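Each chain is listed here by its residues.
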Amino acid sequence: MRLLVTGGAGYIGSAVAAQLIEAGHEVTVLDDLSTGHADAVPPGASFVEGSITQAADILDRGFDGVLHFAARSLVGESVEKPGLYWENNLGGTLALLEAMRGAGVPRIVFSSTAATYGEPENTPILETDPTRPTNPYGASKLAVDTALTAFAGLHGLGAVSLRYFNVAGAYTAADGRVYGERHTVETHLIPNVLAVALGRRESVSVFGTDYPTPDGTCVRDYIHVADLARAHLLALESCAPGAHKIYNLGSGTGFSVQEVISVCREVTGHPIPTVVAERRAGDPAVLVASSERIQRELGWKAEHVDLRGIVTDAWAALPR
């Protein structure tokens with residue numbers, strides 16, 4: 001297939017683009033490099049620097065699909081600047097969908113998020129559970145899901161939304177290139193913990209130690225980026241005209257903040273000091289995905305479920 005990957009210079013987008021190329025697809029990456037890196041674009045992909053609002057200048061009837069990762073994704077920033085998130089995440093995606101409709105591009109796989117659920121009533125979380133996002137980031141992603149359902153029903157688009165939980169690790173491509181995390185503003189736990197081991201931070205904050213969990217710290221579901229990328233290829237093949245499918249992506253296993261820190265200490269050999277801080281508003285005690293639907297319908301299942309392996313890959317990929 002001939003495919004457009006928006007946000008393909010970012011962490012997840014570049015790993016997916018690399019797997020697409022390895023699978024024999026022709027890939028064009030569109031990225032404005034506001035958070036991505038030009039050197040993360042996989043060899044063999046064509047690269048266009050620009051906004052998703054410019055997709056109409058790129059797409060033509062020769063394209064078979066779009067994998068859409070371009071988005072603002074910082075929860076705190078979304079609370080401070082909600083307009084930026086509605087304009088970019090929803091407005092930009094609507095422009096992309098109109099460009100696809102004009103060019104007759106039949107399918108899209110959308111990078112969604114577990115933030116669409118907000119604070120869940122049950123765990124593990126099912127796709128049928130209520131969606132009550134607690135911040136503009138999650139709300140903007142949920143709005144895109146609504147738009148995809150509409151475009152599928154009205155215009156025959158084939159769409160799949162993949163709701164990620166905590167993505168981690170690094171993907172090593174067949175050519176040996178490594179696709180790992182490089183965020184200017186890092187909000188993910190594992191790279192922040194590893195940054196202490198690298199001497200880039202003095203300590204890591206633990207937000208709350210009195211949750212109703214075995215060790216009192218929050219429990220989260222971590223999914224390896226290689227497994228995540230593989231799910232996108234399966235989703236691409238499953239897009240059906242006029243249908244919008246939604247799947248959770250997680251390992252189905254939860255690890256606490258304290259467990260993550262302990263494993264990072266073992267992998268790096270560094271003591272990694274911690275500082276206990278107050279709970280953050282809106283932080284649920286446990287967030288774990290049920291991925292039974294995608295396993296049943298597409299045959300996908302997380303293969304990298306060992307936390308030590310995930311941390312080891314992340315540690316090896318960090319720039320020194």
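Just above, that's the structure.
This one's a predicted model, so the numbers in the text were calculated from it and none came from an experiment.

The next point concerns helix α6 (residues 225–238). Taking 1.5 Å of rise per residue, 14 residues should cover 20 Å, and α6 covers 20 Å from first to last C-alpha, within 8% of that figure. Along α6, eleven of the 14 residues are buried, which leaves the element largely enclosed by surrounding structure. Of all the residues in α6, the buried ones are V225, A226, D227, L228, A229, A231, H232, L233, A235, L236 and S238.

In the case of a regular strand, side chains alternate between the two sheet surfaces. Because side chains alternate across strand β10 (residues 204–207), one face comprises the buried residues V204 and V206, and the other comprises S205 and F207, none of which is buried. Of the strand pairs in this sheet, β10 and strand β14 (residues 274–277) are connected by four bridges, and their pairing is parallel. Each bridged residue has a counterpart across the sheet, and for V206 the counterpart in β14 is V276.

Moving on to the sheet that holds strand β1 (residues 2–6). Spatial ordering of the open sheet is given by β3-β2-β1-β4-β5-β6-β12, a layout of seven strands whose pairing is parallel. Two strands close off the open sheet at either side, each with one partner strand: β3 (46–49) and β12 (244–249). For this sheet, the mean angle separating the axes of adjacent strands, direction not counted, is 20°. Two elements, strand β6 (residues 158–164) and β12, share six bridges in a ladder whose sense is parallel. Across the sheet, residue V160 finds its bridge partner in β12, namely K245. Those strands touched by α6 are β1, β4 (65–68), β5 (107–113), β6 and β12, and its axis lies near 160° from that of β6.

Definitions and limits used
- Residues numbered from 1 in each chain as written.
- Predicted model: local features only at pLDDT ≥ 70, side-chain atom pairs only at ≥ 80, totals over all residues.
- Heavy atoms only, no water.
- Helix = DSSP H or I, 4+ residues; strand = E, 2+ residues; numbered from the N terminus.
- Expected span 1.5 Å × (residues − 1).
- Buried < 20%, exposed > 50% of the residue type's maximum accessible area, 1.4 Å probe, protein only.
- Pairing = 2+ DSSP bridges.
- Axes fitted to C-alpha atoms, helices over the stretch in contact; angles between N-to-C directions.
- Contact = heavy atoms within 4.5 Å.

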